[in-house]
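Residue strings, one per chain:
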Amino acid sequence: MTSILSNTPHIADFRQGILDENGMHQGFLDPALASLTEDEVRELSDYITYCLDGGVDMPELVECYRTILDDTFQEQLNFMRTKAYRHSTFAEVADSVYFNKEYMTRYMHGLAFTAFIWPNHVEMRRFFLKSLPREKTGHYLEIGPGHGFYFMSAMKQGTFDRFTGVDISKTSVELTRKIVGHHFPKENRPVEIMESDFLQSTVSDGPFDAIVMGEVLEHVERPQDFLARIAGLAGPETHIFITTCVNAPAIDHIYLYRNPDEVTAMINSAGLEVRESYTGAYFGKSLEESRRLNLPINVAYVLEKAR
Ligand SMILES: C[S@@+](CC[C@H](N)C(=O)[O-])C[C@H]1O[C@@H](n2cnc3c(N)ncnc32)[C@H](O)[C@@H]1O
């Protein structure tokens, strides 16, 4: 831990900024940072550098993380009381979240940080990178890239030769273009980030060689339609990677999966099959306890088209 902080001053400043506002987070934050691999420490430091270079200063970055922490906490309190997500339609959250540039920017940077701090998000990012085929060429499609971190990582670690992203939020489109531009200023491979609802989008007919959709199913009214469209855009060899969550309230989560079986049943009825999966219990609880107490569970899958 001490060596991370002394070798990466940006991370030390970021940590200190969080703890200055919320000292109680130390017991969670410090073990999380200490558990990162050297590569992950470098990636987190690079992400902070990218933000600072782009004009977001350190107090703002701390505020981004605080936003997601505070909002999630508020929504969890509400969920414990009501057993439902606060909103259930896109219209209820569209203007305050997806089409609100200031909020969406803060939210997306905050979410990117959780991929280095929240244990389940760390594991899902590891699973994404580990399962991403290194030898596959062809066309990579990502739905809802948001902050663009997964999209940029696929460009870095994969061997695809063409990339398409589609996101309903103009802010997410801009963030994804920005992170790609930052890391690949001289990119020759075609990269297109479209601003559109995935279900209405005119992405090419496929089959795509990889389709990635992280943390989108819980944000849409009819996730089954998203899975069905993905199945339609996939061929037998397509690498499909999806994440979502169960009983995990957030300000813009509108589709509630009550257990992981509901997710896999929906995947199967869309004509997709699970090849590999990750299920992350609530922090400090077993999977069985998380299920019984309706606590948040994160799930991630490598899928293939049913044969
Ligand atoms: C929670 S973020 C996920 C970001 C990133 N994929 C991740 O896993 O951390 C959800 C993203 O999905 C986008 N989104 C929501 N509904 C969508 C839709 N109907 N079509 C395309 N993108 C959508 C949002 O704008 C946002 O950028």
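In the block above lies the structure referred to throughout.
Criteria and thresholds
Residues numbered from 1 in each chain as written. Predicted model: local features only at pLDDT ≥ 70, side-chain atom pairs only at ≥ 80, totals over all residues. Heavy atoms only, no water. Helix = DSSP H or I, 4+ residues; strand = E, 2+ residues; numbered from the N terminus. Rg over C-alpha atoms; globule rule 2.2 N^0.38 Å. Buried < 20%, exposed > 50% of the residue type's maximum accessible area, 1.4 Å probe, protein only. Contact = heavy atoms within 4.5 Å. Areas by Shrake-Rupley, 256 points an atom, 1.4 Å probe, with all protein chains shown as cover. Core = buried A, V, L, I, M, F, W, Y, C linked by side-chain atoms within 4.5 Å. Domains from an automatic or database assignment. 1 Å grid on protein atoms, 1.4 Å probe; cavity = no way out; pocket = protein on both sides within 12 Å on 5 of 7 lines; lining within 4 Å. Points joined across faces, edges and corners; volume = space filled by probe spheres on them. Nonpolar A, V, L, I, M, F, W, Y, C, P; charged D, E, K, R; others polar. Near = heavy atom within 4 Å. Polar contact = N/O pair within 3.5 Å; in protein donor to acceptor, adjacent residues only side chain to side chain.

### Side note on the overall build of the protein chain
Regarding its fold elements, the protein chain presents 13 helices and seven strands. Taking 2.2 N^0.38 as the reference for a compact globule, 307 residues should give roughly 19 Å; the C-alpha atoms of the protein chain span a radius of gyration of 19 Å, in line with that estimate. Considered along the principal axes of its C-alpha atoms, the protein chain spans approximately 50 × 50 × 35 Å. Split into buried and exposed, the 307 residues of the protein chain put 55% on the buried side. Residue pairs at least 24 apart in sequence account for 75% of intrachain contacts in the protein chain once pairs closer than 6 positions are excluded. A total of about 13400 Å² of accessible surface is found on the protein chain, and carbon and sulfur atoms cover 52% of it.

### Some thoughts on the nonpolar core
Ranked by internal contacts, the top residues of the largest apolar core, which has 64 residues, are F14, Y65, F113, I117, F128 and Y140. Of all the elements, helix α7 (residues 101-117) adds the most residues to this core, at ten residues. Both of domain 1 (2-117) and domain 2 (119-305) provide at least three residues apiece to this core. Excluding its chain neighbours within four sequence positions, the residues that come into contact with Y140 are F128, L132, Y150, F151, A154, F160, R162, F163, T164, A210 and V212. With 31 residues, the next largest nonpolar core counts F208, M213, V246 and A270 among its residues.

### Details of the layout of surface pockets
Size it by volume and the second largest pocket reaches roughly 190 Å³. If you trace the second largest pocket, you find 13 residues lining it, with Q76, F79, M80, N294 and L295 closest to the centre. Looking at the lining of the second largest pocket, its residues break down into nine nonpolar, three polar and one charged. Taken together, domain 1 (2-117) and domain 2 (119-305) each give at least three residues to the lining of the second largest pocket, which thus spans both.

### Focus on the site of the ligand
Taken together, 22 residues lie near the ligand, and G144, H147, D167, S172 and G214 sit nearest. I168 places a main-chain nitrogen or oxygen 3.2 Å from a nitrogen atom of the ligand. A total of 600 Å² of accessible area belongs to the ligand in isolation, and the protein chains cover 96% of it. Within the residue set of the shell around the ligand, elements represented by two or more residues are α7 and β2 (162-167). Per-element accounting of the shell around the ligand gives the leading share, three residues, to α7. Class assignment for the residues of the shell around the ligand results in eleven nonpolar, eight polar and three charged.

### Observations regarding the side chain of T72
If you trace the backbone, T72 turns up in helix α5 (residues 58-82). On the basis of relative accessibility, which here comes to 16%, the residue T72 falls in the buried class. Setting aside chain neighbours within four positions, we find T72 in contact with W118 and P249.

### Description of empty space enclosed by the protein
Picture a little ball the size of a water molecule; that probe, rolled over the atoms, points out where space is still empty. Following the criterion strictly, the structure yields two cavities of 30 Å³ or more and no others. In this structure, the largest cavity occupies an estimated 40 Å³ of space. What lines the largest cavity is simply I18, E21, N22, V62, Y65, R66 and L69. Within the residue set of the lining of the largest cavity, elements represented by two or more residues are α2 (9-21) and α5. The class makeup of the residues in the lining of the largest cavity is four nonpolar, one polar and two charged. Forming the walls of the second largest cavity are E43, D46, F149, M152, K156 and H183. At the level of secondary structure, the elements contributing two or more residues to the lining of the second largest cavity comprise α4 (38-53) and α9 (149-157). If you tally residues by element for the lining of the second largest cavity, the top one is α9, at three residues. Here the lining of the second largest cavity is composed, by residue class, of two nonpolar, one polar and three charged.

### Some details on α9
Most of α9 is tucked away: seven of the nine residues are buried. Residues F149, Y150, F151, M152, S153, A154 and M155 constitute the buried set of α9.

### Concerning the environment of E123
Assignment of secondary structure puts E123 in helix α8 (residues 119-131). Placed 156 residues apart in sequence, E123 and T279 show a C-alpha to C-alpha distance of 9.5 Å. Only 3.0 Å separates the side chain of E123 from the side chain of R126, close enough to count as a polar contact.

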